[in-house]
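Here's the letter readout for the chains.
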Amino acid sequence: MDIKQLKYLIALDETQHFGQAAAMCHITQPTLSMRIRNLEDELQLTLINRGQRFEGFTEAGDRILAWARSVLAAHDGLQAEAANCRGQLVGSLRFGMVPLASLNPMALLEPLSKRYPELRYQLCSVTSEQVIDGLNRNQLDLGLCYLDQVDTTHFEVIELAATSMGLLHDTRHFGFADTQMDWESLGHIPLGLLTKGMHYRQSIDMSFSSKGIEPHIQVESDSTFQLLQAVHAGLCCAIMPLNSGMETMNEHLRMIPIAQAEVHSRIGLLMRKTEPRSALAERCFAKAQKIFAADHNVSD
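Note that the coordinates shown come from a computational prediction; the quantities given were computed from them, not determined experimentally.

(A) View of the overall build of the protein chain. Within the protein chain one finds ten helices and 13 strands. A principal-axis box enclosing the C-alpha atoms of the protein chain has dimensions of 65 × 50 × 35 Å. Evaluated residue by residue, the protein chain yields a buried proportion of 47% over its 300 residues. Looking at the protein chain alone, contacts between residues at least 24 apart form 73% of all its contacts between residues at least 6 apart. Here the protein chain has roughly 15700 Å² of accessible surface; of this, 49% comes from carbon and sulfur atoms. In the protein chain, 26 side chains carry a positive charge and 35 a negative one; their mean positions are 7 Å apart.

Okay, structure coming up:
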């Protein structure tokens, strides 16, 4: 067994196609198929359902695939650690964050990129529970999540300022003269919101409910990108975090602050306290402390 075999297995999972997985790995399809069969022979397991084409992983294949991802992440971490010992900072920063947080991730990644030009970034939008799980399993280096259910004794934490909200709209479809909105004025506006159950949506629902307002919800999605598409198309306006940078994405977008509109749960940037903890994670977290020192409290 070698690292390349595990990479081929993961590529097959990502593409769901033998030819595309081979192209991703810069090898021929027969070579990829042979190396995966060799892995199956070594493990004495059938990992893949085969027909005329790829038909998915077996139950054993799914279990082995999870281990392959962990082993590959550890291998990449080892390589990055070795580079750090040579005075370099290379590899991929694995950053998981909840959707619609108060932090624009580019506020962190842009200065990191300037200081460490060889760094790459893997960003994923996940729940708070998935952030904690990813940090605990060493599948994430840093995580941004809500802190109300986090045992912070296991993590280094930069607690961020509360998430304030505003109304994002496209000026080609909606025009507002006000420089600040209130919840009552939002009642008749078609809105795009995250799906129910998400922290950000819960705060919005509580604010409307406390004032006896039934909002006009035009679009619901668990994807921030889809909400932005709906705003751009003129289907709705969206209640988004202030200072998230969304209104700068094109010339027609504007953000109007909403009075007394904050997400009730605290949010923070986390790094695990225990080893294995990569030098990459430590340096990036230290850089984040300097970047956000003026705006948040840093807890030990």
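(B) Here's a closer look at the pattern of salt bridges. One pass over the full model with this rule turns up eleven salt bridges. Notably, a salt bridge pairs Asp 133 with Arg 137, separated by 2.9 Å at the nearest N-O pair. What makes Asp 133 partly exposed here is its relative accessible area of 36%. Glu 220 is paired through a salt bridge with Arg 201; the nearest N and O atoms lie 2.7 Å apart. Highlighted residues: Glu 220 in strand 9 (residues 217-221) and Arg 201 in helix 8 (residues 199-210), separated in sequence by 19 residues. Judged by its relative accessible area of 44%, Glu 220 is partly exposed. Through salt bridges with shared partners, a single ionic network connects Lys 196, Arg 201, Asp 205 and Glu 220.

(C) Focus on the nonpolar core. Trp 183 and Ile 239 are the most contacted members of the largest nonpolar core, which totals 71 residues. When residues of this core are assigned to their parent elements, the largest contribution, six residues, is made by helix 10 (residues 279-292). Mapped onto the domain boundaries, this core takes at least three residues apiece from domain 2 (89-161 + 266-297) and domain 3 (164-262).

(D) Just the domain arrangement of the protein chain, in detail. Looking at the assigned domains, one finds that the protein chain contains domain 1 (3-68), domain 2 (89-161 + 266-297) and domain 3 (164-262). Measuring from the centre of the C-alpha atoms in domain 2 to the corresponding centre in domain 3 gives 26 Å. Contact with domain 2, which involves seven residues of that partner, is made by 13 residues of domain 3. A combined buried area of about 810 Å² lies between domain 2 and domain 3, and 65% of that area is made up of carbon and sulfur atoms. Three residues stand out in domain 2 for area buried against domain 3, namely Pro 99, Leu 100 and Tyr 146, and they jointly supply 63% of the buried area on that side. The tally of links from domain 2 across to domain 3 stands at zero salt bridges. At the junction of domain 2 and domain 3, the tally comes to one residue pair in polar contact (both at pLDDT 80 or more). Looking at the side of domain 2 that touches domain 3 residue by residue, the classes come out as four nonpolar, two polar and one charged.

(E) Looking closely at the packing of aromatic side chains. Applying the stated criterion across every chain, the model contains four aromatic pairs. Both rings, one in Phe 174 and one in Phe 176, keep their centres 6.3 Å apart while their planes meet at 0 degrees; by these two values the pair is stacked. Using a relative accessible area of 25% as the deciding quantity, one classes Phe 176 as partly exposed. Where Trp 183 meets Phe 208, the ring centres are 4.9 Å apart and the plane angle is 75 degrees; that geometry is what we call edge-to-face. Separated by 25 residues along the polypeptide, Trp 183 in helix 7 (residues 183-186) and Phe 208 in helix 8 bring together distant segments of the chain. With relative accessibility at 2%, the residue Trp 183 sits in the buried group. Each member of the aromatic cluster is reached from another via a ring pair, and the members are Phe 18, Phe 54 and Phe 57.

(F) Spatial organisation of the state of the cysteines. Inspection of every chain in the model, using the stated rule, returns zero disulfides. Considering cysteine sulfurs only, Cys 237 is the nearest to Cys 236, which forms no disulfide, with 6.9 Å between them. A relative accessible area of 0% places Cys 236 in the buried class. Free of any disulfide, Cys 284 has its nearest cysteine sulfur in Cys 124, 15 Å distant. The class for Cys 284 is buried, based on a relative accessible area of 0%.

(G) Main features of the packing of helix 5 (residues 106-115) against helix 10. One can describe the packing of helix 5 onto helix 10 by two numbers: an axis separation of 10 Å at closest approach and a directional angle of 120 degrees. Accordingly, the angle class assigned to the pair helix 5 and helix 10 is oblique. As helix 5 runs across helix 10, the sense of the crossing is right-handed. Two secondary-structure elements touch here, helix 5 through Ala 107, Leu 108, Pro 111, Leu 112 and Arg 115 and helix 10 through Cys 284, Lys 287, Ala 288, Ile 291 and Phe 292.

Scoring rules and cut-offs
- Residues numbered from 1 in each chain as written.
- Predicted model: local features only at pLDDT ≥ 70, side-chain atom pairs only at ≥ 80, totals over all residues.
- Heavy atoms only, no water.
- Helix = DSSP H or I, 4+ residues; strand = E, 2+ residues; numbered from the N terminus.
- Buried < 20%, exposed > 50% of the residue type's maximum accessible area, 1.4 Å probe, protein only.
- Contact = heavy atoms within 4.5 Å.
- Areas by Shrake-Rupley, 256 points an atom, 1.4 Å probe, with all protein chains shown as cover.
- Lys, Arg positive; Asp, Glu negative; His and termini not counted.
- Charge placed at Lys NZ, Arg CZ, Asp CG, Glu CD.
- Salt bridge = Lys/Arg side-chain N within 4 Å of Asp/Glu carboxyl O.
- Core = buried A, V, L, I, M, F, W, Y, C linked by side-chain atoms within 4.5 Å.
- Domains from an automatic or database assignment.
- Buried area = accessible area lost by both parts, 1.4 Å probe.
- Polar contact = N/O pair within 3.5 Å; in protein donor to acceptor, adjacent residues only side chain to side chain.
- Nonpolar A, V, L, I, M, F, W, Y, C, P; charged D, E, K, R; others polar.
- Phe/Tyr/Trp six-rings, centres within 6.5 Å; stacked < 30°, edge-to-face > 60°.
- Disulfide = S-S within 2.5 Å.
- Axes fitted to C-alpha atoms, helices over the stretch in contact; angles between N-to-C directions.
- Parallel < 35°, antiparallel > 145°, perpendicular 65-115°, else oblique.
- Left-handed = near helix turned anticlockwise from the far one by under 90°.

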